[in-house]
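Each chain, written out:
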Amino acid sequence: AFRFEPSFDDDGDDDGGIIGAIGRGKNPWELTSVVSRSVDNAILASSAMMGDGFEFALGPPSSGFSMFLADRTTKVHFISVSEGMHNVAVRRTLESKEEEEEEGDAEEHNRVRRPRSGSSAEGFLLRKPDELPSDHPLHDARLTRRGLKQARTLRTMLSSRPSGGRPFTAFDLVVVSPLTRACETARAVFGSSPGSMGGIELPSPRILVREDCRERYGRYVCDGRRSVAELRDEFPSFDFDEMMGESDADELQSDERETSIECRERALRLLEWLSGRPQKCVAVVTHSEFLRHLFGQFGDNLRDEDRSCLQRTTGNCELRSVVLCSHG
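Rules of the game
- Residues numbered from 1 in each chain as written.
- Predicted model: local features only at pLDDT ≥ 70, side-chain atom pairs only at ≥ 80, totals over all residues.
- Heavy atoms only, no water.
- Helix = DSSP H or I, 4+ residues; strand = E, 2+ residues; numbered from the N terminus.
- Buried < 20%, exposed > 50% of the residue type's maximum accessible area, 1.4 Å probe, protein only.
- Areas by Shrake-Rupley, 256 points an atom, 1.4 Å probe, with all protein chains shown as cover.
- Polar contact = N/O pair within 3.5 Å; in protein donor to acceptor, adjacent residues only side chain to side chain.
- Core = buried A, V, L, I, M, F, W, Y, C linked by side-chain atoms within 4.5 Å.
- Axes fitted to C-alpha atoms, helices over the stretch in contact; angles between N-to-C directions.
- Left-handed = near helix turned anticlockwise from the far one by under 90°.
- Contact = heavy atoms within 4.5 Å.
- Nonpolar A, V, L, I, M, F, W, Y, C, P; charged D, E, K, R; others polar.
- Salt bridge = Lys/Arg side-chain N within 4 Å of Asp/Glu carboxyl O.

A. The overall build of the protein, seen in detail. For the protein, the helix and strand inventory stands at ten helices and eight strands. The burial tally for the protein puts 51% of its 328 residues in the buried class. Here the protein has roughly 15700 Å² of accessible surface; of this, 48% comes from carbon and sulfur atoms.

B. The side chain of Arg266, seen in detail. Structurally, Arg266 can be placed in helix H8 (residues 260-275). Residue class for Arg266 comes out buried when judged on its relative accessible area of 3%. A polar contact of 2.8 Å, which involves the side chain of Arg266, links it to the side chain of Glu258.

C. Geometry of the nonpolar core. Judged by nonpolar contacts, the single largest core of 28 residues is most densely connected at Leu154, Leu158, Val176, Phe190, Phe238, Phe240 and Val285. At the level of elements, helix H5 (145-159), strand S3 (173-176), helix H6 (180-190), strand S6 (207-209), helix H7 (228-234) and strand S7 (281-286) are the ones that each hand at least two residues to this core. Ranked by the residues each element gives to this core, the list is headed by H6, at six residues.

D. Representation of the packing of H5 against H6 in the model. Where H5 contacts H6, the two axes come as close as 8 Å, and the packing angle between them is 35°. The two elements H5 and H6 cross, and the hand of that crossing is right-handed. Judged by residue contacts, Ala151, Leu154, Arg155 and Leu158 of H5 engage Thr185, Ala188, Val189 and Phe190 from H6. Of the residues belonging to the contact of H5 with H6, the class tally is six nonpolar, one polar and one charged.

E. A look at H6. With ten of eleven residues buried, H6 is to be regarded as a mostly interior element. For H6, the full list of buried residues reads Thr180, Arg181, Ala182, Cys183, Glu184, Thr185, Ala186, Ala188, Val189 and Phe190.

F. Quick look at the pattern of salt bridges. All told, the structure shown has 22 salt bridges when counted by the stated rule. Note that Arg91 is salt-bridged to Glu83, the shortest N-O span being 3.1 Å. Its relative accessible area of 33% is what places Arg91 among the partly exposed residues. For Glu83, a relative accessible area of 3% corresponds to the buried category. When the shortest N-O distance is used, the salt bridge between Glu318 and Arg320 registers 3.1 Å. Assessed through its relative accessible area of 4%, Glu318 is described here as buried.

It is worth stressing that arrangement in space is one thing and function is another; only the former is reported here.
Right, here's the structure in full:
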């Protein structure tokens, strides 16, 4: 059994994603201490880890408070990958369809204000019957230039955000999906030193690649991965030891989509693995659909606005911080 305690801004408002944050004039990547507002008067609990307020959290049950043993908690910063080529391809397909509809008669134009079906965009991400997934231009899609800029913006924020007496935010471990766009995001954010202390430049964190946190796989070519050998060649500083038990080729990807139940179960396996790690501050670079299945399993005992904050779909390169507590 696990419990999440979601993060909020210092003013207690939900960012509402990148768009909402920008609309409010806030930094959409800003990290804040954990606050649970499951009861009206909940306040930030005392911290036992790095002065960040994550070791103990407030929330349900009926008393309005929860207290967790420090050694059962892990601070996890989930980061959704930056904008990929497939995102742009789908967006352009939908925009093109909208333009075609606007050229129709006035009645149809007034009745339909958005694409009537996602089939055209979906079809763009499917392989042809006689085509290998790896031959499709969007197989294991890469980041766009904008996506790289998003990742660098997040890195800049982390490098200047004080944490635990340091002038930057450091992580004990970075876990990343084996899809190329996730690895590119992780490299842009964590691939170099996070900062220096006492005149000594600190090493970059260990970046560990795990199959468990990949995107929901199957059907769409963008969600397949390249071979481990290819990935290792492109990201030589990454640790692929956790992939050694996996096939070099992508045996998970097929024309059948991973079911929602399977994706949720895989998400729980990742949480179980994270809770058993000795590291206490971990970043996980993963994908929006996977995170939707992960976060959607939690928050039923939260207020509506808190549950919405936890379960809403993540934007590109959005950072969502939680405390993971294992009760097992």
